[in-house]
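Survey of secondary and tertiary structure
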4 protein chains.
Amino acid sequence: MGNTFGTLFRISTWGESHGGGVGVVVDGCPPGLPITVEEIQQELDRRRPGQSDITTPRKEPDTVTVFSGIHDGVTLGTPIAMNVINRDARPSAYDEMRQKFRPSHADFTYQMKYGRRMAEGGGRSSARETIGRVAAGAIARKLLRVGFGVEVIAYVTRIHDISMPACATLPVHADVEATPVRCPHPDTAALMIERIKAVRSAGDSVGGLIRCDIHGLPVGWGAPVFDRLEADLAKAMLSLPATKGFEVGSGFAGTLLRGSEHNDAFVVRDGRVRTSSNNSGGVQGGISNGELLYFSVAFKPTATIMQAQATVDLQGEATELTGRGRHDACVLPRAVPIVESMASLVLIDHALRHQAQNHTFAFTKAGIL
Amino acid sequence: MGNTFGTLFRISTWGESHGGGVGVVVDGCPPGLPITVEEIQQELDRRRPGQSDITTPRKEPDTVTVFSGIHDGVTLGTPIAMNVINRDARPSAYDEMRQKFRPSHADFTYQMKYGRRMAEGGGRSSARETIGRVAAGAIARKLLRVGFGVEVIAYVTRIHDISMPACATLPVHADVEATPVRCPHPDTAALMIERIKAVRSAGDSVGGLIRCDIHGLPVGWGAPVFDRLEADLAKAMLSLPATKGFEVGSGFAGTLLRGSEHNDAFVVRDGRVRTSSNNSGGVQGGISNGELLYFSVAFKPTATIMQAQATVDLQGEATELTGRGRHDACVLPRAVPIVESMASLVLIDHALRHQAQNHTFAFTKAGIL
Amino acid sequence: MGNTFGTLFRISTWGESHGGGVGVVVDGCPPGLPITVEEIQQELDRRRPGQSDITTPRKEPDTVTVFSGIHDGVTLGTPIAMNVINRDARPSAYDEMRQKFRPSHADFTYQMKYGRRMAEGGGRSSARETIGRVAAGAIARKLLRVGFGVEVIAYVTRIHDISMPACATLPVHADVEATPVRCPHPDTAALMIERIKAVRSAGDSVGGLIRCDIHGLPVGWGAPVFDRLEADLAKAMLSLPATKGFEVGSGFAGTLLRGSEHNDAFVVRDGRVRTSSNNSGGVQGGISNGELLYFSVAFKPTATIMQAQATVDLQGEATELTGRGRHDACVLPRAVPIVESMASLVLIDHALRHQAQNHTFAFTKAGIL
Amino acid sequence: MGNTFGTLFRISTWGESHGGGVGVVVDGCPPGLPITVEEIQQELDRRRPGQSDITTPRKEPDTVTVFSGIHDGVTLGTPIAMNVINRDARPSAYDEMRQKFRPSHADFTYQMKYGRRMAEGGGRSSARETIGRVAAGAIARKLLRVGFGVEVIAYVTRIHDISMPACATLPVHADVEATPVRCPHPDTAALMIERIKAVRSAGDSVGGLIRCDIHGLPVGWGAPVFDRLEADLAKAMLSLPATKGFEVGSGFAGTLLRGSEHNDAFVVRDGRVRTSSNNSGGVQGGISNGELLYFSVAFKPTATIMQAQATVDLQGEATELTGRGRHDACVLPRAVPIVESMASLVLIDHALRHQAQNHTFAFTKAGIL
């Protein structure tokens, strides 16, 4: 029962890498949201394998089918079921992996926890599972935008040791999509692409950082003490394959500052209470303060590499394994829409939770207060 | 409804900094666990203000009362309610803060979200709330130890820019408790204490890093895809006041390695499948792999400082505020038992979840499989 | 982890009959609701033992203390913790019951499930646990009334075989409180009181029916398919001690009608869509339809009787037990506020859930739809 | 977010009557359970329309496809996604119903709650939604049987005013399936079938009672105080379309007994603690006591009848509506497997919850207790 995420806008994903398909059920989307299958497909296309020459060549159109909950292009308020059929499954490529545990993959832990597993492509532990998250995230994102004026933009800020410089202005969606690596700084993007290709040629892999900006957040979202906005975002990000770290606002670097340097002074700007700096990253006490919310996520280098590695087999004997199958030498370009999806799911859930408890009640209107 | 944490071992904390008290209800502790009030108090004493000359001088004995769920020193399987009464509350010290928002505190966001707040000491957003977490954590920790052989040890690894060197052997509880700063490396601890005192004298504050080691984890805990062990730990840590980041295993630094450097090769050691390195940090695919699980948490410098800061008041007018009241210039020493408590709560919950679904069923025993 | 109830307005009760006390934590009450301790106490007084000569003489003032979440008579939006200390505990009265299982009580099942139990007064299985429900229910009820114009009125309609006749007009609160038996029909009430006294004199006990009317429900509350309004009410009622049945609208009797007799025709009345009859009981498809919601709950005769009964002891030996301690010969008069509390908790939860998902979104306002 | 049921064995159903299909995701089924698609289909066939001459003639094969979570006939421990495509949808039959609200249906409440609805066949409020429940229930039932030795048997005990007499021995599955009306008493079954046909000829409909027996329950399942076994069963049953009442054990009739008549004396039989009568219905204090658990559910007469009825249209104008489309004149025969499915889902959830918290812990084994 760890396959459900969210409280009021709740998703349940299902599916194995090489089984019948993958999908999601979204429960709790409010009625009346205009959304088309094309809008959902568009987000899936950003996550799709084979979208560029720096991603895995696995040929999956990842065409989504919507079975319920949307009628005439508008949500009904009932559960939205979406499926993607697995097409280009090549189980034979995984014969060896049925016997041998791939290092730093979940083969061993799944085998031990469940007593069995679908070995092909990692089965449930495959990143194909995130298709359901992205399909649901597309809906969450649309609702955030049209219902609340909130925009979620993620982008690659570092691949291996190649970092983009600080931006004068925050990137918009088109900046991110301008290059296949999804780094909005073109010169850095070119270097990143070069690095990914070089590493792939060497049969190796690299990781890096993705940053996510949330624009337009109102003051007041977040549910302390446990369901702080940054806590739910941290969980969402660490629930993604290959992630090893999360930081919000000043993050790890902020621990090197003194309080007098780190504190964000309150000021009045354009008639609103704002802060003069934003080390808090848009969240104070777990609640959004109306500034930009930003966070970064660390992705490790892809575990599957095309080099011989020491491992053990199902019988517990030492052996060797060389990666086969079709893989990304770097997952970050395709992870950008996944990060945006998970962030959108967290935010829309908190939007609905806030709305549940902070509506203007009749007793307030009646002047009792 | 963000004040509940956990699925099967579930806690609900309550209380404001200067109200009637703070406390917790633990729902889901199995029956039959021997635990005394003294054992719970011992953990609270490690979190207590005034415990050393580098913590806030607020005089709170933080004496816990157990109202239910434990009888004759053994848990009953029913909810355990625990209260701590607030003693040394000085509301007058907060007169100014009722009017002015403290920078980088949650005063502003609580006021905006709820339309009102208890201003004294931060009310609900005060770190006094964590008393309930530590009381519950003491029970979780005992159950982990005697029921599953799992030991949770946290410690301060960096204060401001003073880091402890890598240890030859992992610290044990006594190493951590040897100094008031809870850094197990004595020489570094001395420097850290000095720094905290210096910063406090300057009316300023500092942050740093706490690392947490989980010893003795069996293979198989964790509930992918969303409730991965590291995802739930990340949420738990980011739900703590003043935290800005979380990393597990190789963390952010691991993103600078190549896959061939980062992967943990499987080997057979002492008849068990182990890994030769541990960049994964004891978790693969969200499930424990039997290695040491370790993670680090970034704490920002304390927001309350004894210097004049620019801010705005309830009327939205620009003003200035100088910290008053009794505060820690560095929260990390007292945060160590809090980190341990939250980690224990996450782990015991997953222990019970694992047990629910992975017990040897009758059909297995009957040889049907 | 079965001690928590509700999704958005969530309560966790705790406490044993003869332990340190009983209480509740309410998580999710919106901020800004005016409520006093006196209002909460008033509901507890209706549930209190010793309130009249037809209830148990156990002398418990059941004085509630509010520890958090309410300040200056207004809710803060933070958890509300409430305790009642056990005063008139007489553990010695239960010496025999530590050894022998009381027939039709939960002594045996608790002992077997948990391996131990607090035998005095039934421990956790005592109806004293409902104190927490009533304290929380008082808040829910106030919020329903001032926030949504919804009124919950329960009353006794049958004791043993003594039924009240159908009312020309539905009873109001004062009608219910007019007699200690809480049957709003005075003549029937007199007969009921007589029956309870006669049965008590005989060392025996009786049960009966409580009906509950929900006035003023708007159209649209309820969350199909599983969290239908009547489903959540059924669970709430069957979670009460001594309940054996639940029916909504036409209930069991309705199964004797044909569809042509049972269907509620839609009509227009006062410019609103209404139904000409109300066999549906105010709910269609799990959603309120704007008519009166009404349901009935069956309570069995009190299990504790002052007669010798066959039973077995902890050693599994056949023995005999005669009831001691102080008990109600009929629980229904005191159960009325408990039924109202549980109904209020269900309804306020659905009010908040409805509000979360059915608020007028910006995209609706913007004319996109 | 009302489309999810269960805590540890959790299902999410989706789908509209005349949309792309209906289905379910099961999250939390333990790994290693042998189950075939045929076993699941078998249960769906018992629920299928057109299975006999007393059910609706809608021709739906209701063929299930399993997309994930089962491999080589054994569960993987990952989510199980199952779909049924809608085949015999005739939207044109519902043209009139888009405009007019069917009396005692959920058309009006869905329209008001969500602002829109799929009118064809009731959309989400159609009993076709229960397909997902039955598919999931088939798995729950298998796990109960092979994992815990628990058997769930439901049957029709009354149609309209035709009741079956008390049985000498409790019916088994074959007795129930012997006639299309699923009443295990053949003579009564014949009368019931006759009544259903007569009523259908008259364009009318009837309701009745279904009883459910749970055989083989161990002592100790159930999670007081809120998640009592009977409370969760009551919710499960009242979450089904057309249900109006629930009673467990002695139920409503038991309220006419005195305590001395109603109490179940404990006795020792075959070396186990048993009760001499079973008015409790197998549950005491919300926990199973090892006796037969039995309950009854009241189903109202089908709302759709082939007679002209007064109603209003979308414009709020008074009008008339005569039922069209294909409908059951009595839902009870097809509801039997649905009741069994929901009961199975409740029980398996409690089995896993019990297992989570009441496993023999290491500290017990180690003799600490």
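None of these values were measured; they are calculated from a predicted model. For every chain, the first residue of its written sequence is number 1, and the numbers climb from 1 along that sequence. All chains are assigned letters beginning at A, and all ligands numbers beginning at 1, according to the order in which they are written. Per-residue local features are limited, in this predicted model, to residues with pLDDT of at least 70; the limit for side-chain atom pairs, both in listing and counting, is 80 or more; totals at the level of whole chains, interfaces and linings are taken over all residues. To obtain the side-chain values, all non-hydrogen atoms of the structure were used and water was disregarded.

1. A word on the overall build of chain A
Here is the rule we go by: Secondary structure is summarised from DSSP: a helix means a run of H or I of at least four residues, a strand means a run of E of at least two, and numbering begins at the N terminus for each. Throughout this description, buried means an accessible area under 20% of the type-specific maximum (1.4 Å probe, protein chains only), exposed means over 50%, and partly exposed covers the range between. Should any heavy atoms of two residues lie within 4.5 Å, those residues are considered in contact. All accessibility values rest on the Shrake-Rupley procedure with a 1.4 Å probe; residue burial counts only the protein chains present in the view.
Helix and strand content of chain A: 10 helices and 18 strands. With the C-alpha coordinates of chain A rotated into their principal frame, the extents come out at 75 × 50 × 35 Å. Within chain A, buried positions represent 69% of all 369 residues. Once local pairs closer than 6 in sequence are excluded, the contacts in chain A between residues at least 24 apart make up 69%. Here chain A has roughly 10,800 Å² of accessible surface; of this, 51% comes from carbon and sulfur atoms.

2. Some words on the interface of chain A and chain B
Note the following rule: Two parts placed together each lose some accessible area under a 1.4 Å probe, and the buried area is that loss summed for both. We count a salt bridge whenever a side-chain nitrogen from Lys or Arg sits within 4 Å of a carboxyl oxygen from Asp or Glu. Whenever a nitrogen or oxygen atom comes within 3.5 Å of another N or O atom, the pair is scored as a polar contact, on the condition that within protein one atom can donate a hydrogen and the other can accept it, and that pairs from neighbouring residues in sequence are kept only if both atoms are in side chains. Nonpolar residues are Ala, Val, Leu, Ile, Met, Phe, Trp, Tyr, Cys and Pro. Charged residues are Asp, Glu, Lys and Arg, and all others, Gly as well, are polar. When DSSP finds two or more bridges between two strands, those strands count as paired.
At the junction of the two partners, chain A supplies 104 residues and chain B supplies 103 residues. Summed over both partners, the interface of chain A with chain B comes to about 8,100 Å²; 60% of that surface belongs to carbon and sulfur atoms. At the boundary of chain A with chain B, the tally comes to 4 salt bridges. Where D232 of chain B meets K235 of chain A, a salt bridge forms, and the shortest distance between an N and an O atom there is 2.7 Å. Joining chain A to chain B, the criterion identifies 45 residue pairs in polar contact (both at pLDDT 80 or more). Across the side of chain A that touches chain B, the residue classes break down as 45 nonpolar, 39 polar and 20 charged. Of the pairings in the sheet, the one linking strand 11 (residues 243-248) of chain A to strand 11 (residues 243-248) of chain B comprises 3 bridges and is antiparallel in character. Within strand 11 of chain B, the residue paired with E247 of chain A across the bridge is G245 of chain B.

3. Things to note about the pairing of strand 16 (residues 293-299) of chain C
The buried count for strand 16 of chain C comes to 7 of 7 residues, which makes it a mostly enclosed element. Going residue by residue along strand 16 of chain C, you find L293, F295, V297 and F299 of chain C tucked away on one face and Y294, S296 and A298 of chain C tucked away on the opposite face as well.

4. Things to note about the pairing of strand 18 (residues 318-322) of chain B
Residues and elements named next belong to chain B. Across 5 bridges, the pairing between strand 17 (residues 308-312) and strand 18 is antiparallel. Counted as the bridge partner of A310 is E320 from strand 18. Linking strand 17 to strand 18, which pair antiparallel, is a turn of 5 residues; within it G316 sits at a positive phi near 80°.

5. Digging into the interface of chain D and chain A
Contacts between the two partners involve 38 residues from chain D, matched on the other side by 38 residues from chain A. Taken together, both faces of the contact between chain D and chain A bury some 3,000 Å²; the carbon and sulfur share is 64%. Linking chain D with chain A are 0 salt bridges. Taken together, the links from chain D to chain A amount to 10 residue pairs in polar contact (both at pLDDT 80 or more). Put simply, the parts of the chain that give the side of chain D that touches chain A at least two residues each are strand 2 (10-15), strand 3 (21-27), strand 6 (74-75) and strand 7 (80-85) of chain D. Counting residues per element, the side of chain D that touches chain A draws most heavily on strand 2 of chain D, at 5 residues. Taken together, the residues that form the side of chain D that touches chain A break down as 13 nonpolar, 19 polar and 6 charged.

6. A short note on the sheet that holds strand 7 (residues 80-85) of chain A
Residues and elements named next belong to chain A. We apply this condition: For helices, the fitted line uses only the C-alpha atoms of the stretch in contact; every axis is such a line through C-alpha atoms, and the angle between N-to-C directions lies from 0 to 180 degrees.
Overall, antiparallel pairing links the 5 strands, which are arranged 1-2-3-7-4 in an open sheet. One side of each edge strand has no neighbouring strand; the edge strands of this open sheet are strand 1 (4-5) and strand 4 (64-66). Here strand 3 (residues 21-27) runs beside strand 7; their pairing, made up of 6 bridges, is antiparallel. Bridging from a neighbouring strand, V25 pairs with A81 of strand 7. Its contacts with the sheet place helix 4 (residues 130-148) against strand 2 (10-15), strand 3 and strand 7, and it is angled at close to 35° to strand 3.

7. As for the pattern of salt bridges
Residue and element names in this part refer to chain A. Tallying each qualifying case throughout the model produces 100 salt bridges over all chains. Of the charged contacts, one joins E43 and R141 as a salt bridge, the two residues approaching to 3.1 Å between their closest N and O atoms. Residue E43 is located in helix 1 (residues 37-47), and its partner R141 is located in helix 4; the two are separated by 98 residues in the primary sequence. By the burial criterion, E43 is buried, and R141 matches it. Where salt bridges share partners, they join E43, R46, R141, E177, R182 and E340 into one cluster.

8. Observations regarding the relation of the copies chain D and chain A
Condition: The copies were overlaid with a least-squares fit restricted to C-alpha atoms from residues scoring a pLDDT of at least 70 in each copy.
Of the transformation placing chain D onto chain A, the axial shift is 0.0 Å and the rotation is 180°, giving an RMSD of 0.0 Å. Such values leave the two copies arranged in the relation of a two-fold axis. Take the interface residues of chain D: 100% of them recur as interface residues in chain A, which is what a same-surface contact looks like.

9. Details of the environment of G222 of chain A
Relative to the assigned elements, G222 of chain A resides in the loop between strand 10 (208-215) and helix 7 (229-238). Distance in space between the C-alpha atoms of G222 of chain A and V346 of chain A is 9.7 Å, their sequence separation being 124 residues. Residues within four places of G222 of chain A in sequence aside, it is in contact with D227, L229, G286, I287 and H350 of chain A together with K113 of chain B.

10. Regarding the environment of T179 of chain C
By the secondary structure assignment, T179 of chain C is in the loop between helix 5 (173-177) and helix 6 (186-201). It is 8.3 Å that separates the C-alpha atoms of T179 of chain C and A190 of chain C, two residues lying 11 residues apart in sequence.

11. Observations concerning the packing of helix 7 (residues 229-238) of chain D against helix 9 (residues 332-358) of chain D
Residues and elements named next belong to chain D. Using the following cut-off: It is the rotation of the near helix from the far one that decides the hand of a crossing: anticlockwise by less than a right angle makes it left-handed, clockwise makes it right-handed.
Two numbers describe how helix 7 lies on helix 9: the axes approach to 9 Å, and their chain directions differ by 145°. Our pair here, helix 7 against helix 9, has a crossing hand that is right-handed. Across the interface between the two elements, L229, D232, L233, A236 and M237 of helix 7 pack against V339, M342, A343, V346, L347, H350 and R353 of helix 9. A class-by-class count of the residues in the contact of helix 7 with helix 9 yields 9 nonpolar, 1 polar and 2 charged.

12. A few points about the nonpolar core
Worth spelling out the cut-off: In this description, a nonpolar core means a group of buried Ala, Val, Leu, Ile, Met, Phe, Trp, Tyr and Cys residues linked to one another through side-chain atoms lying within 4.5 Å.
Residues F295 of chain A, F295 of chain B, F295 of chain C together with F295 of chain D are the most contacted members of the largest nonpolar core, which totals 334 residues. Leave out the neighbours within four places in its chain, and F295 of chain A touches I210, R211, C212, I214, L233, M237, F246, E247, V248, V339 and A343 of chain A.

13. Description of the layout of surface pockets
Residues and elements named next belong to chain B. As a reminder of what qualifies: Here a cavity denotes a set of grid points, spaced 1 Å apart and computed over the protein atoms alone, in which a 1.4 Å probe fits but from which it cannot get out, and a pocket denotes an open set meeting protein on both sides within 12 Å along at least five of seven lines; residues with an atom within 4 Å of a point are reported as lining. Grid points are joined across faces, edges and corners, and a volume is the space filled by probe spheres set on the points.
Approximately 520 Å³ is the volume attributed to the largest pocket. Mapped onto the lining of the largest pocket, the elements with two or more residues apiece are strand 8 (151-159), strand 10 (208-215), strand 11 and strand 16 (293-299). Of the residues in the lining of the largest pocket, the class split is 14 nonpolar, 6 polar and 3 charged.

14. Some thoughts on the confidence of the model for chain A
Low pLDDT marks regions whose predicted coordinates should not be analysed in detail. Residues and elements named next belong to chain A. Test applied: The predictor's confidence in any single residue is recorded as pLDDT, a number from 0 to 100.
Here chain A averages 93 in pLDDT, while 96% of its residues score no lower than 70. Note on residues 365-369: pLDDT is under 50 here. Beyond four places in sequence and across chains, it has 8 contacts. Taken together, the chains of this predicted complex give a pTM of 0.97 and an interface ipTM of 0.97.

15. Details of the relation of the copies chain A and chain B
If you rotate chain A by 180° and push it 0.0 Å along the axis, it lands on chain B with an RMSD of 0.0 Å. Comparing interface residues between copies, 99% of those in chain A also lie at the interface in chain B; the contact surface is shared.

16. Observations concerning the packing of aromatic side chains
Cut-off, in case you're wondering: We call Phe, Tyr and Trp rings a pair once their centres come within 6.5 Å, taking the six-membered ring for Trp, and we label the pair stacked below 30 degrees between planes, edge-to-face above 60, and tilted otherwise. By definition, being over a ring means that NZ of Lys or CZ of Arg is both within 6 Å of the ring centre and within 35 degrees of the ring normal.
For the structure on display, the rule yields 34 aromatic pairs over all chains. For the pair Y110 of chain C and Y114 of chain C, a centre-to-centre distance of 5.3 Å together with 50° between the ring planes defines the contact as tilted. You can see Y110 of chain C and its partner Y114 of chain C sitting in helix 3 (residues 107-114), 4 residues apart, about one turn around the helix. Classification of Y110 of chain C by relative accessible area gives buried; the value is 5%. The class for Y114 of chain C is buried, based on a relative accessible area of 9%. Between F101 of chain D and F108 of chain D, the ring centres sit 5.4 Å apart and the planes meet at 75°, which makes this aromatic pair edge-to-face. Classification of F101 of chain D by relative accessible area gives buried; the value is 4%. These aromatic residues form a ring-pair network of at least three members: F101 and F108 of chain A together with F266 of chain B. The ring of Y114 of chain B is capped by K113 of chain B, whose NZ or CZ atom sits 5.9 Å from the centre of that ring.

17. Comments concerning unusual backbone geometry
Cis peptide bonds are those with omega within 30 degrees of zero, and the linkage from P224 of chain B to V225 of chain B qualifies with 10°. Tracing the backbone shows V225 of chain B in the loop between strand 10 and helix 7 (229-238). Not every positive phi belongs to a glycine, and D72 of chain A is a case in point at roughly 55°. Relative to the elements of secondary structure, D72 of chain A occurs in the loop between strand 5 (70-71) and strand 6 (74-75). The backbone phi angle of H160 of chain B is positive, close to 55°, even though this residue is not glycine. By relative accessible area, which is 8% here, H160 of chain B ends up buried.

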